[in-house]
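For reference, the chains in residue letters:
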Amino acid sequence: MNITGTTRFVTLLGHPVAHSLSPLIHNTAFQAQGLDFVYTASPVAADRVEAAVLGLKALGAAGANVTIPHKQAVLPLMDTLSDRAQAIGAVNTIVCQQADGTVRLHGDNTDPLGFLDPLRGRTDLRAAEMLIWGAGGAARAVVYGLLTEFHPARLTLVARTPAKAKVLAADFAHLDANSALRVRAWNEATTAVRGSRLLVNTTPLGMHGRFEQATPWESSADFTPSHTVYDLVYTPHPTRLLREAAARGSAIIGGLPMLVGQAAASYQQWTGQAMPTDVVFAALADLGFTA
Ligand code: NAP
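Structural notes, computed from the coordinates. (Residues numbered from 1 in each chain as written. Predicted model: local features only at pLDDT ≥ 70, side-chain atom pairs only at ≥ 80, totals over all residues. Heavy atoms only, no water.)

This paragraph deals with the packing of aromatic side chains. Two numbers describe a pair of aromatic rings. These are the distance of the centres and the angle of the planes. Under the defined criterion, the tally for this structure stands at 5 aromatic pairs. Members of the aromatic cluster, connected to one another through ring pairs, are F30, F37 and Y267. (Phe/Tyr/Trp six-rings, centres within 6.5 Å; stacked < 30°, edge-to-face > 60°.)

Turning next to the site of the ligand. Inspection of the region around the ligand gives 22 residues, with A135, G137, A138, T161 and K164 positioned closest. Take G136: an N or O atom from its main chain is 3.2 Å from an oxygen atom of the ligand. For the ligand, a nitrogen atom lies 2.9 Å from a polar atom in the backbone of G255. Protein contact buries 75% of the 930 Å² of open area that the ligand shows by itself. For the shell around the ligand, the secondary structure elements donating two or more residues are helix 5 (137-150) and helix 9 (256-271). Residue composition of the shell around the ligand, grouped by class: 13 nonpolar, 7 polar and 2 charged. (Near = heavy atom within 4 Å. Polar contact = N/O pair within 3.5 Å; in protein donor to acceptor, adjacent residues only side chain to side chain. Areas by Shrake-Rupley, 256 points an atom, 1.4 Å probe, with all protein chains shown as cover. Helix = DSSP H or I, 4+ residues; strand = E, 2+ residues; numbered from the N terminus. Nonpolar A, V, L, I, M, F, W, Y, C, P; charged D, E, K, R; others polar.)

The subject of this paragraph is the pattern of salt bridges. Overall, the coordinates contain 11 salt bridges when judged by the stated rule. Across the pair D124 and R197 runs a salt bridge whose closest N-O atoms are separated by 3.7 Å. Of this pair, D124 sits in the loop between helix 4 (111-116) and strand 7 (129-133) while R197 sits in the loop between helix 7 (190-195) and strand 10 (198-201), and the two are 73 residues apart along the sequence. Judged by relative accessible area, D124 falls into the partly exposed class, the value being 31%. Owing to a relative accessible area of 36%, R197 belongs among the partly exposed residues under this scheme. Put simply, D117, R120 and E149 are held in one network by salt bridges that share partners. (Salt bridge = Lys/Arg side-chain N within 4 Å of Asp/Glu carboxyl O. Buried < 20%, exposed > 50% of the residue type's maximum accessible area, 1.4 Å probe, protein only.)

Next up on the list: the packing of helix 1 (residues 22-33) against helix 10 (residues 277-286). Look at helix 1 against helix 10: their axes get within 9 Å of each other, and the N-to-C directions meet at 130°. Here helix 10 runs oblique to helix 1, going by the angle between their axes. At the point where helix 1 passes helix 10, the crossing takes the right-handed sense. Between helix 1, through L24, I25, T28, A29 and A32, and helix 10, the contact on the second element is made entirely by V279, V280, A283 and L284. Here the residues of the contact of helix 1 with helix 10 are counted per class, giving 8 nonpolar, 1 polar and no charged. (Axes fitted to C-alpha atoms, helices over the stretch in contact; angles between N-to-C directions. Parallel < 35°, antiparallel > 145°, perpendicular 65-115°, else oblique. Left-handed = near helix turned anticlockwise from the far one by under 90°. Contact = heavy atoms within 4.5 Å.)

With that out of the way, let us pick up helix 10. Every α-helical turn comprises 3.6 residues, leaving residues that sit three or four positions apart pointing alike. Listing the buried residues of helix 10 in full gives V280, A283 and L284. For helix 10, the angular spread of the buried residues around the axis is 100°, confining them to a single face. Opposite its buried face, helix 10 presents the exposed residues D278 and D286, each directed more than 90 degrees away. The secondary structure elements touched by the buried residues of helix 10 are helix 1 and helix 9. G288 sits one or two positions beyond helix 10 and adopts a positive phi of about 95°. (Arc of directions from axis to C-beta.)

Neither face of strand 3 (residues 63-66) is open: one carries G63 and N65, the other A64 and V66, and all of them are buried. Two elements, strand 1 (residues 8-14) and strand 3, share 4 bridges in a ladder whose sense is parallel. Each bridged residue has a counterpart across the sheet, and for L12 the counterpart in strand 3 is N65. (Pairing = 2+ DSSP bridges.)

Here the focus is the environment of Y267. You can see Y267 is positioned in helix 9. With relative accessibility at 0%, the residue Y267 sits in the buried group. Taking the C-alpha atoms as reference points, Y267 and L256, separated by 11 residues in sequence, lie 16 Å from one another. Beyond its immediate chain neighbours, meaning those up to four positions away, Y267 contacts H26, A29, F30, Q33, L35, G272, Q273, A274, M275 and P276. In terms of polar contacts, Y267 uses its side chain to reach the backbone carbonyl oxygen of A29, at 3.2 Å.

Here's what the structure looks like:
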C-alpha cells in the first residue's frame, strides 16, 4: 500500500475495534482497485464520540464506519440521514460530502443491504412467514430489510426479554403494512418455527467463544427442507444451528456475506466504485473465514 499526500482515509469508530475485519476488507478492495484510499480503526471512548465525528470533517476524511457501541450515539450528529438509518435508529456508515467549501455528514445504515444480499431473487419469500431469534441492534436492521423487501405475512420476534422486542415492533409499525410483527417468548415459538419459511438468528448464540456450543433452537427436529436458516454469526461457519439445520435438509446461510455486503454498500458510497467482493472473500478465506 502506497500512502501519499493525496491518500483519502476512512476510519472505523467503535470500542473495541482491534479485532474488526473491516480494515482487511476495505484495504484489500482499495488495493485491488488501485484506489488512493486507506482504512484504519479508531477506538473511541463514549465521551469522545462527538469530537471524533466532528474530527472527520476537520481532517478531510472520506467517511467512516460506526460500530458497537456508538451506532445510536452518532445519529444526532449527522447533517442528513438515509431513510434506512432513520428507521433503524442507528448509523453504521458516515459519508463526508463536500459542497461549496463545506463538509456535510450523511449517515446511512448499510446492514439491511448486506443482510438482504444472499436473499436476492428469493421470490418465494414474498409475503411468507418468517421468524427472528433476538431483538437487539442487528435485529433492527433485519426487521427493516425483511419488511421493506418481502412484506411478510408474519414476522415473529422470539426474545428472552419480550418487553424489548415489543418496543422494536412498535418502532417498525409504520413499515408493517400487513401487521406481520408479533413477539413470542422462546417457549411459545414452536408453531412459528415450524411454520416459517425463513428463520434468522440475530443472537450471539453459536458464536466463537463462550456461546460456541449453543444454538437459538434446541429442537432441530423442527427444521425441514422447506426452511432457510440464516445465522448472522460468521465465526465459526457453519454454526451449530446451521449444521443441525443442514442435516435436516434446510437451506443455510452464514453471516459472512452480510458482513461483506454491508461493507460493499459503504465502499460504494465513499469511492463511487463497486467493491471487488471476490477478492475480499478470497482474502477472508486465507484467514479461515468462509461463507
Ligand atoms: P445486541 O444488540 O447485543 O443484541 C443481541 C440480542 O440477542 C438481544 O436481543 C439479546 O437479548 C439476545 N441474546 C443475547 N444473549 C442471549 C442468550 N443467551 N439467549 C437468548 N437471547 C440472547 O447484539 P447485535 O449487535 O444485535 O449482534 C447480535 C449478533 O449478530 C452478534 O453475534 C453479532 O456478531 C452478529 N452480527 C453479525 C453481523 C454480520 O454482518 N454478519 C452484523 C451485526 C451483528 P436481550 O435483549 O434480552 O439481552
